[in-house]
Amino acid sequence: MSFEQAMARLEEIVKTLEKGDASLEDALSLFEEGTALVKSCSKQLDTAEQKIVKLVKGADGNPVETEFDSNE
(Lines give C-alpha, C1' and ligand atoms only; values in the text may rest on other atoms or scores of the structure.)
Protein backbone atom coordinates (compact mmCIF):
# COMPACT_ATOMS: atom_id res chain seq x y z
CA MET A 1 0.00 0.00 0.00
CA SER A 2 1.37 3.40 -0.94
CA PHE A 3 1.83 6.15 1.62
CA GLU A 4 -1.01 8.12 0.07
CA GLN A 5 -3.36 5.12 0.12
CA ALA A 6 -2.50 4.40 3.75
CA MET A 7 -3.15 8.02 4.72
CA ALA A 8 -6.49 8.01 2.90
CA ARG A 9 -7.51 4.83 4.71
CA LEU A 10 -6.41 6.34 8.03
CA GLU A 11 -8.65 9.34 7.35
CA GLU A 12 -11.58 6.99 6.68
CA ILE A 13 -10.90 5.12 9.92
CA VAL A 14 -10.71 8.34 11.94
CA LYS A 15 -13.99 9.61 10.48
CA THR A 16 -15.69 6.32 11.25
CA LEU A 17 -14.39 6.25 14.81
CA GLU A 18 -15.28 9.92 15.39
CA LYS A 19 -18.91 9.19 14.48
CA GLY A 20 -19.06 6.93 17.50
CA ASP A 21 -21.64 4.58 16.06
CA ALA A 22 -19.33 1.59 15.46
CA SER A 23 -19.71 -1.40 17.74
CA LEU A 24 -16.96 -2.02 20.26
CA GLU A 25 -15.68 -4.96 18.21
CA ASP A 26 -15.66 -2.91 15.00
CA ALA A 27 -14.00 0.04 16.73
CA LEU A 28 -11.24 -2.19 18.10
CA SER A 29 -10.70 -3.73 14.67
CA LEU A 30 -10.49 -0.28 13.08
CA PHE A 31 -8.12 0.88 15.80
CA GLU A 32 -5.84 -2.10 15.17
CA GLU A 33 -5.89 -1.44 11.43
CA GLY A 34 -5.13 2.23 12.04
CA THR A 35 -2.22 1.39 14.32
CA ALA A 36 -0.73 -0.88 11.66
CA LEU A 37 -1.18 1.83 9.03
CA VAL A 38 0.54 4.42 11.23
CA LYS A 39 3.47 2.05 11.70
CA SER A 40 3.67 1.47 7.95
CA CYS A 41 3.52 5.20 7.18
CA SER A 42 6.19 5.92 9.78
CA LYS A 43 8.47 3.31 8.23
CA GLN A 44 7.90 4.78 4.76
CA LEU A 45 8.69 8.28 6.04
CA ASP A 46 11.88 7.05 7.72
CA THR A 47 12.97 5.45 4.46
CA ALA A 48 12.20 8.62 2.52
CA GLU A 49 14.08 10.73 5.06
CA GLN A 50 17.19 8.64 4.53
CA LYS A 51 17.06 9.45 0.80
CA ILE A 52 16.73 13.20 1.22
CA VAL A 53 19.63 15.27 0.02
CA LYS A 54 20.09 18.64 1.68
CA LEU A 55 21.26 21.54 -0.45
CA VAL A 56 23.71 23.91 1.16
CA LYS A 57 25.73 26.76 -0.21
CA GLY A 58 29.27 25.89 -1.17
CA ALA A 59 32.26 28.17 -0.80
CA ASP A 60 31.48 29.75 -4.17
CA GLY A 61 27.81 30.37 -3.28
CA ASN A 62 26.49 27.63 -5.54
CA PRO A 63 24.37 24.81 -4.13
CA VAL A 64 26.23 21.67 -3.11
CA GLU A 65 24.50 18.34 -2.51
CA THR A 66 25.24 16.77 0.85
CA GLU A 67 23.73 13.78 2.61
CA PHE A 68 20.80 14.58 4.88
CA ASP A 69 21.67 14.65 8.57
CA SER A 70 18.57 14.49 10.77
CA ASN A 71 20.65 15.49 13.81
CA GLU A 72 21.09 19.08 12.64
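*Asks:* Which residues make up the pattern of salt bridges, and what are the values?
*Replies:* Within the structure shown, the criterion is met by two salt bridges. Put simply, R9 and E12 hold a salt bridge, and the shortest N to O gap is 3.0 Å. Of this pair, R9 and E12 both sit in helix 1 (residues 3-19), three residues apart, which is roughly one turn of the helix. A relative accessible area of 23% places R9 in the partly exposed class. Exposure remark for E12: the relative accessible area of 44% places this residue in the partly exposed category. Across the pair E33 and R9 runs a salt bridge, and its minimum N-O distance is 2.8 Å. Of this pair, E33 sits in helix 2 (residues 24-51) while R9 sits in helix 1; the two residues are 24 residues apart in sequence, bridging distant segments of the chain. Where salt bridges share partners, they join R9, E12 and E33 into one cluster.

What counts, and where the lines are drawn
Residues numbered from 1 in each chain as written. Predicted model: local features only at pLDDT ≥ 70, side-chain atom pairs only at ≥ 80, totals over all residues. Heavy atoms only, no water. Salt bridge = Lys/Arg side-chain N within 4 Å of Asp/Glu carboxyl O. Helix = DSSP H or I, 4+ residues; strand = E, 2+ residues; numbered from the N terminus. Buried < 20%, exposed > 50% of the residue type's maximum accessible area, 1.4 Å probe, protein only.

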